[in-house]
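Chain and residue survey
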Amino acid sequence: SAVISQKPSRDICQRGTSLTIQCQVDSQVTMMFWYRQQPGQSLTLIATANQGSEATYESGFVIDKFPISRPNLTFSTLTVSNMSPEDSSIYLCSVALLVGDTEAFFGQGTRLTVV
Amino acid sequence: AQSVAQPEDQVNVAEGNPLTVKCTYSVSGNPYLFWYVQYPNRGLQFLLKYITGDNLVKGSYGFEAEFNKSQTSFHLKKPSALVSDSALYFCAVRDPTDSWGKLQFGAGTQVVVTP
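Our subject in this report is the structure included herewith.

Conventions we followed
- Residues numbered from 1 in each chain as written.
- Chains lettered and ligands numbered in written order.
- Predicted model: local features only at pLDDT ≥ 70, side-chain atom pairs only at ≥ 80, totals over all residues.
- Heavy atoms only, no water.
- 1 Å grid on protein atoms, 1.4 Å probe; cavity = no way out; pocket = protein on both sides within 12 Å on 5 of 7 lines; lining within 4 Å.
- Points joined across faces, edges and corners; volume = space filled by probe spheres on them.
- Helix = DSSP H or I, 4+ residues; strand = E, 2+ residues; numbered from the N terminus.
- Nonpolar A, V, L, I, M, F, W, Y, C, P; charged D, E, K, R; others polar.
- Buried < 20%, exposed > 50% of the residue type's maximum accessible area, 1.4 Å probe, protein only.

The computed volume of the largest pocket comes to approximately 430 Å³. Every residue lining the largest pocket is counted, 25 residues in all, and those nearest its centre are Q37, G40 and Q41 of chain A together with Q38 and L88 of chain B. Where the lining of the largest pocket is concerned, the elements lending two or more residues are β9 (89-96) and β11 (110-114) of chain A together with β10 (87-94) and β12 (109-114) of chain B. Classifying every residue of the lining of the largest pocket gives nine nonpolar, 13 polar and three charged. Looking at the second largest pocket, its volume works out to about 280 Å³. Within the residue set of the lining of the second largest pocket, elements represented by two or more residues are β5 (43-49) of chain A together with β11 (104-105) of chain B. For the lining of the second largest pocket, the element with the most residues is β5 of chain A, which contributes three residues.

The next thing to look at is unusual backbone geometry. A cis amide bond links K7 of chain A to the next residue, P8 of chain A, at an omega of -5°. Although it is not a glycine, Y61 of chain B sits at a positive phi angle of roughly 60°. Here Y61 of chain B shows up in the loop between β7 (56-58) and β8 (64-68). Residue classification places Y61 of chain B among the partly exposed positions, given a relative accessible area of 48%. Phi is positive for T72 of chain B, which is not a glycine, with a value near 45°. Relative to the elements of secondary structure, T72 of chain B occurs in the loop between β8 and β9 (73-78). For T72 of chain B, a relative accessible area of 30% translates into the label partly exposed.

Here it is as structure tokens:
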């Protein structure tokens, strides 16, 4: 398994500002993902964070709004830019230890409220 | 394209009674199937997975799930529910041909176990 530390755990932000969420894993992992969970809804994949290259974004998500960094195999950040109330969600970091049939592990999530 | 459906928004069960949470999927080929649980203000916790082999898989906290290929289902079960099992349960599917390991989540089922 993997222990995932996500910071901050929650934040209240003003519209128009940006927030950077950090995800630290206690071991090197192959795959890192960022998900969004809007209030009362399921998880939606935002992007796959690739080490040493640009993230791969899912349909409906763009780099200008959700820039992602992954400088090494244990760390990634997600920035929510120019926030609006519609960005109020839980953002979750997820990792898979290996490419293959392994399960994914999740951080505790960052509960973001935009006012 | 892969998809997963959880037909019940909420399941109510009395403590000590059997618990079943339903999940059906659609994916080309043989799917990788997962169950996760989310407690309030917490991230997702992995419960169990089906990759191949025995159709009945056992997981954490006394949960099990049965893979039924003909019915494309992967229902989660527990013989005797506890009040502490009250949480939000997510079924997820992964296309085994997707080496990046992206998960497609169902909408989630809220389980309420009453004393």
